[in-house]
Structure formats: C-alpha cells, structure tokens
Amino acid sequence: MSLLLNGTDGVTYNDGTLQSSAPVGRNRIINGNMQIAQRGTSVTGSTAAAAYISLDRWASHASGATYNISQESVTVGGETGLPTTFTKYLKFNPTTGADNCGIWQTIEDVDSVQGTYTLSFYAKGTNPAGGSIGISLMQNFGSGGSTTVNTPDAETFTLTGTWQRFTFTITPPSITGKTIGTASYYRIFFNQKADDNSATAWTLDITGVQLEVGTTATDFENLQYGQQLALCQRYFERYNGGVDGGIPQGVARTDLGNRPEINLFYLEKRANPTISGDSTVNCNTMANTNVATTGGPHSFVGTGPRGANLFYYTASGVVAGALSGIVLIVLNGASDYINIDAEL
C-alpha cells in the first residue's frame, strides 16, 4: 500500500483515507461514538429534565416533552453516509415535542474551550415542526463564578433520512475578566429550537460527535473501548447485579453497633461523588467465620474522589469483631446496583 506523508494533514493512503496528524486526545467530547451506556441502553416515556439516564456523558432534557432515549446498533455491514468504523449511535425521540428539549454534553472546566473550535457529527432522522434542530452553547462559570453566558440556537441543522456529516466552527466568548468558581463547564446542547413550541414528534440519530481545536474537521478519533470507558468513569461508575457479582473491597470490621464497615474503592472521580445503592445489596466476608450479613438499609460515609471511607450495612446476628479479612459487596439480583456519581 502506498502512502503520502504530510506534516500538516497527516498520512494519506492510496485508497484516499486520511489518518490525521492531530494528537490523540484532541476530541473534547467523551463517548462521542456512543459506545458506553453504564446506566442502561434505553429509557422510554421519560419526562426527566437535565438527567443522565442512559448513555454516558449525555444528559437528556424534557423541557415539557415526553421522550425515548436509547443506544442503537448500526446495521451490520454499514449504513449509507456513515463510516464503517461506527457501530453505535444515540437515538433521541420526543414522542411529544417541546421547545428546548434535547440532549447535551457538559465539558469540564469552562476555560478548557477557548479560541476557535470545530464541532462535527453524523446525524439523520426527522425534524421538529420548526424544520431544523438547534445547537445551543453555554459557558457556566461554576459556583461563586461569573454569570452564565447562554447562546441559544447558535447554529441549526436539518436532518434527512440518510446519515450526513455536519460541521460548524465555534468561537466561544472570551473569558477575560471573568471569575471562575467551582465546577465550571462548557455545554453543547442539541435541541428543539427555542422558538419552536410544537408538540410534534421528531427523532435525532447521532454519533461521531467531535469538538476539536481549529477550523478543520478531522476524522473522528476512535479510542479503544477501555479508554472511552475510563474517561466516562471519571464522572460516573456503576456496579451492576448479575454482571459484577462480588466486589472485593479489602479488610472490614464491625463498629460499636455491630455493623460492618467496608472501604469502597473506585476509579478517581472529578470531585467527591454521590454514592447510592439498591437496598438489597448484601455484604459477605471471606474470613474464617464466613459471616454473611443481610438486612438494610446501608449508607456511605466520608466519600472522597477515590473511595468511600465506610460502607455501613445493618446486620443481624453479627458479633463485634467477627468480621475480618477480605470482604465482598455482593450484588445478588439482576437489579442490584451501586452508583458512584460525580457528573456535572
């Protein structure tokens, strides 16, 4: 195979494909190829607003609408207009539309998106009654920071029944003179336009979302699945029942109330997370006594970016000091879960 090296564009092969010279990590969008869905692959009939309920890093917003959201698979062998590297896409389907309903991605740190950027993505579907979909932009300066800067419907695009690649050049307002507080962010929102209050149903199929420095849309940066998952888990991590089974968590003991104390460890989060779990999650010890605890409820105390200091689980028939050695948090049922959530 012949190839052409170019220090600006990258490597062009004899079949005309281009491998960009841009560095790995150029895409500011996480899970832009819609591979990761830790919370689940579909939700129907939702009216949730500003909610992470399906695909990782993609929040859905009702704004009065009722919608379905799901992770879909590309037809084996490919679909017209879509590169064969893509295998998944996000489907957002308001069955009852409303102005400003849609999906968004929130990018950590408002000052991380400054200067000129190119936004690109592949999309198909059916349009809202207004005839097009908006792209709204937001600079949020965080708690204690300057006033939020909104740019509603900064761009628009019109869908057809065939995949198309859309590209837009974005230059966020300068943050010079602004105060940046805690948990600031930049947001890209694909939405039914603010001036379109029709209840007509519509559908957006979207994948390959990329935001990169400069005025050129390069080929989508396809990271390996594990790389993409790790990026998602900076913000959210879930242990699922029926999949993860027993989670080893180190040495345990009992407190004065004869409750097991267990250290729960996880991948480092962007901030101290909120931890929640199903009420039927069990805690078993692999110590000499083989004590199994049942009952509830449980709670998480002293959470940090890398672990929760204690996992309390109310037990019956446990003698103080009986728990020791390696402990498993056991997710027995298919619906059991532990969520570790640090989303913006």
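Residues numbered from 1 in each chain as written. Predicted model: local features only at pLDDT ≥ 70, side-chain atom pairs only at ≥ 80, totals over all residues. Heavy atoms only, no water.

## Thoughts on the sheet that holds strand β18 (residues 274-277)
Reading across the sheet, the three strands line up as β15-β24-β18 and stay open at both edges, with antiparallel pairing between neighbours. Edge positions in the open sheet fall to β15 (236-240) and β18, since each of these has one partner strand only. Strand after strand, the sheet turns through a mean of 10° between neighbouring axes, direction not considered. In the sheet, β18 pairs with strand β24 (residues 337-341) via four bridges, with the strands oriented antiparallel. When the sheet's bridge partners are listed, Gly277 is paired in β24 with Ile338. (Pairing = 2+ DSSP bridges. Helix = DSSP H or I, 4+ residues; strand = E, 2+ residues; numbered from the N terminus. Axes fitted to C-alpha atoms, helices over the stretch in contact; angles between N-to-C directions.)

## Regarding unusual backbone geometry
Even without a glycine there, the phi angle at Asp109 is positive, about 75°. Turning to its location among the elements, Asp109 is positioned in the loop between β8 (102-108) and β9 (117-126). A positive phi is found at Ala183, a non-glycine position, where the angle reads about 65°. On the secondary structure map, Ala183 appears in the loop between β12 (164-170) and β13 (185-192).

## Here's the deal with the packing of aromatic side chains
Within a pair of aromatic rings, the relevant descriptors are the distance that separates the centres and the angle that separates the planes. All told, the structure shown has 13 aromatic pairs when counted by the stated rule. Judged by centre distance (6.4 Å) and plane angle (45°), the rings of Trp58 and Phe190 are tilted. Linking Trp58 in the loop between β4 (42-46) and β5 (59-61) with Phe190 in strand β13, this pair joins segments that are 132 residues apart in sequence. One exposure class covers both Trp58 and Phe190, and it is buried. Between Phe86 and Phe220 the ring centres are 5.3 Å apart and the planes differ by 55°, which places this aromatic pair in the tilted class. On the criterion of sequence distance, the pair formed by Phe86 in the loop between β6 (66-73) and β7 (88-96) and Phe220 in the loop between β14 (203-213) and α1 (225-232) is long-range, its members being 134 residues apart. For the pair shown, Phe86 and Phe220 are each scored as buried. Aromatic ring contacts, followed pair by pair, group Trp58, Phe121, Phe157, Phe166, Phe168 and Phe190 into a single cluster. Across the ring face of Phe236, the terminal group of Arg39 is positioned such that the distance to the ring centre comes to 3.7 Å. (Phe/Tyr/Trp six-rings, centres within 6.5 Å; stacked < 30°, edge-to-face > 60°. Buried < 20%, exposed > 50% of the residue type's maximum accessible area, 1.4 Å probe, protein only. Lys NZ or Arg CZ within 6 Å of the ring centre and 35° of its normal.)

## Brief notes about the nonpolar core
Residues Phe121, Phe157, Phe190 and Leu204 are the most contacted members of the largest nonpolar core, which totals 38 residues. Elements supplying a minimum of two residues to this core: β6, β7, β8, β9, β10 (133-140), β12, β13 and β14. (Core = buried A, V, L, I, M, F, W, Y, C linked by side-chain atoms within 4.5 Å.)

## Points about the side chain of Ser60
Within the secondary structure, Ser60 is located in strand β5. At 2.8 Å, the side chain of Ser60 and the side chain of Tyr67 are in polar contact. Setting aside its immediate chain neighbours within four residues, Ser60 contacts Ala48, Ala49, Ala50, Ala51, Ile53, Tyr67, Ile69, Phe92, Gly102 and Ile103. (Polar contact = N/O pair within 3.5 Å; in protein donor to acceptor, adjacent residues only side chain to side chain. Contact = heavy atoms within 4.5 Å.)

## Let's talk about the pattern of salt bridges
This model, assessed by the stated rule, comprises eight salt bridges. In this structure, Asp205 engages Lys91 in a salt bridge whose closest nitrogen and oxygen atoms are separated by 2.9 Å. Taken together, the residues span a long stretch of sequence, with Asp205 in strand β14 and Lys91 in strand β7 at a distance of 114 residues. A salt bridge links Glu108 to Arg234, with the nearest nitrogen and oxygen atoms 2.9 Å apart. Of this pair, Glu108 sits in strand β8 while Arg234 sits in the loop between α1 and β15; the two residues are 126 residues apart in sequence, bridging distant segments of the chain. Judged by relative accessible area, which is 15%, Glu108 ranks as buried. Each of Arg39, Arg57 and Glu343 takes part in salt bridges that share partners, so that together they form one network. (Salt bridge = Lys/Arg side-chain N within 4 Å of Asp/Glu carboxyl O.)

## Regarding the side chain of Gln139
Residue position: Gln139 is located in strand β10. Looking at Gln139, its side chain comes within polar contact range of the main-chain oxygen of Pro173, at 2.9 Å. Beyond its immediate stretch of four places on either side in the chain, Gln139 contacts Val110, Gln114, Thr148, Val149, Pro172, Pro173, Ile175, Tyr185 and Tyr186.

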